[in-house]
Structure formats: C-alpha cells, structure tokens
Amino acid sequence: GGALAAFLKTELRSGIDLLLEANHFAELIKDADWVITGEGKADKQTLMGKVPAGVLRATRQADIPTLLIAGQIENREELLNAGFHRLCAITPSNMPLQQAMRKEMAETNLKHALEKILKEELTKIPDADKQPARIFGPSATKDGLPQLR
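Residues numbered from 1 in each chain as written. Predicted model: local features only at pLDDT ≥ 70, side-chain atom pairs only at ≥ 80, totals over all residues. Heavy atoms only, no water.

## What about the sheet that holds strand β3 (residues 86-89)?
With parallel pairing, the 3 strands of this open sheet are ordered in space as β1-β2-β3. Each having just a single partner strand, β1 (35-42) and β3 make up the two edges of the open sheet. Neighbour-to-neighbour, the strand axes of the sheet open up by a mean angle of 25°, direction not taken into account. Judged from the 7 bridges that link them, β1 and strand β2 (residues 66-73) form a sheet pairing that is parallel. Across the sheet, the residue bridging to A42 is I73, located in β2. Here helix α4 (residues 51-61) sits on the sheet in contact with β1 and β2, set at roughly 155° to β1. Across the sheet, helix α7 (residues 103-122) lies against β1, β2 and β3, angled at about 150° from β3, the strand it touches most. (Pairing = 2+ DSSP bridges. Helix = DSSP H or I, 4+ residues; strand = E, 2+ residues; numbered from the N terminus. Axes fitted to C-alpha atoms, helices over the stretch in contact; angles between N-to-C directions. Contact = heavy atoms within 4.5 Å.)

## Things to note about unusual backbone geometry
Phi is positive for D63, close to 60°, though the residue is something other than glycine. Of note, N75 is a non-glycine position whose phi angle comes to about 55°, a positive value. Topologically, N75 is positioned in the loop between β2 and α5 (76-82). Overall, N75 belongs to the partly exposed group, its relative accessible area being 27%. (Buried < 20%, exposed > 50% of the residue type's maximum accessible area, 1.4 Å probe, protein only.)

## Regarding the confidence of the model for the protein chain
Across the protein chain, the average pLDDT comes to 83, with 81% of residues at or above 70. Least confident of the elements in the protein chain is helix α1 (residues 2-8), whose mean pLDDT is 68; most confident is α5, at 97. Scored below 50 in pLDDT, residues 143-149 shows 20 contacts in the model against residues more than four places distant or in partner chains. (pLDDT = per-residue confidence, 0-100.)

## Here's the deal with α7
With 20 residues, α7 should cover 28 Å at 1.5 Å per step; its first-to-last C-alpha distance of 27 Å lies within 8% of that length. Buried residues along α7 sit against β2, β3 and α6 (97-100). (Expected span 1.5 Å × (residues − 1).)

## Details of the packing of helix α2 (residues 15-22) against α4
How two helices sit against one another is set out by the angle between their axes and by the gap between those axes. In the contact formed by α2 and α4, the axes pass within 9 Å of each other and the chain directions differ by 55°. Taken together, the axis directions place α2 and α4 in an arrangement best described as oblique. In the crossing of α2 with α4, the sense of the turn from one axis to the other is right-handed. Of α4, the residues touching α2 (which contributes I16, D17 and L20) are V51, G54, V55, R57 and A58. In terms of residue class, the contact of α2 with α4 is built from 5 nonpolar, 1 polar and 2 charged. (Parallel < 35°, antiparallel > 145°, perpendicular 65-115°, else oblique. Left-handed = near helix turned anticlockwise from the far one by under 90°. Nonpolar A, V, L, I, M, F, W, Y, C, P; charged D, E, K, R; others polar.)

Pasting the structure below:
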C-alpha cells in the first residue's frame, strides 16, 4: 500500500480512524462520562490499529475515561499504560473457550460483567441516579437511552 500511495501522491490512513471520522465519533462522545469499547481477545495487538486503539485515541483527546471489555485479556499492564481506564474480561477463567463462544453464554457473561461495572462506575458519577444514562451503540435507542431487553 505504501508504494501505491507514494505513486498516487495520497496518504495512508487507518481504517478505524476513517470509520470514526465518517461517523462523527468525536461529536457523539463529547458529553460522555465514559466510553466502553471491546473485542474478543485484548492483548498487545489491540494497541496496533484495532478498533479499541482508535476509540482510545479519540477518547483520550476528549479526556473521557475508556473501559475495555473482552472475552479474554492479556498484557494488562500495557493496556492500562496505553490509557484504558479499566479492563474487564467477561469470560470466567475456568470456562472452556467453546462454551464461552456460544451466543447465549457470551450474552450472559457480557450482561453480568456490564451489570457489575455499571454498579461500580455509576456510584462515582455525581447525581447519576437523577438523570438517565446516555449511550451510543447497538444497544441504544434513537434518543440515546439504554434499550432494555
């Protein structure tokens, strides 16, 4: 790609940066108290241009704490040193991978992890019980309120 870019006098950009820009991510998160991002397995490769790394760059520019959730997490210190506010592995360490990857099990593990995180984090936000949480993503309704399932 680099040779073609030089020949055509263009610039190379990461896919996640283009995606965040096209979706006006900086505008969407400007009033967020924190942002949640994730992937299947988080490790040092997570910091090498994957979606969570791009989200982290954007949230750091906006000074918004970022939570990284993943099925499994390795290289915790590197991820924390990169700027993630908190890390959360949703799969219990004794659960076989095949079981953890079943849709219903993954949903259950994610639900339990998010319930625990939200209970802990919401206690840190002043007046959190007096205003609805605003979220962005597949679980949000059109007005930004959490979608209950």
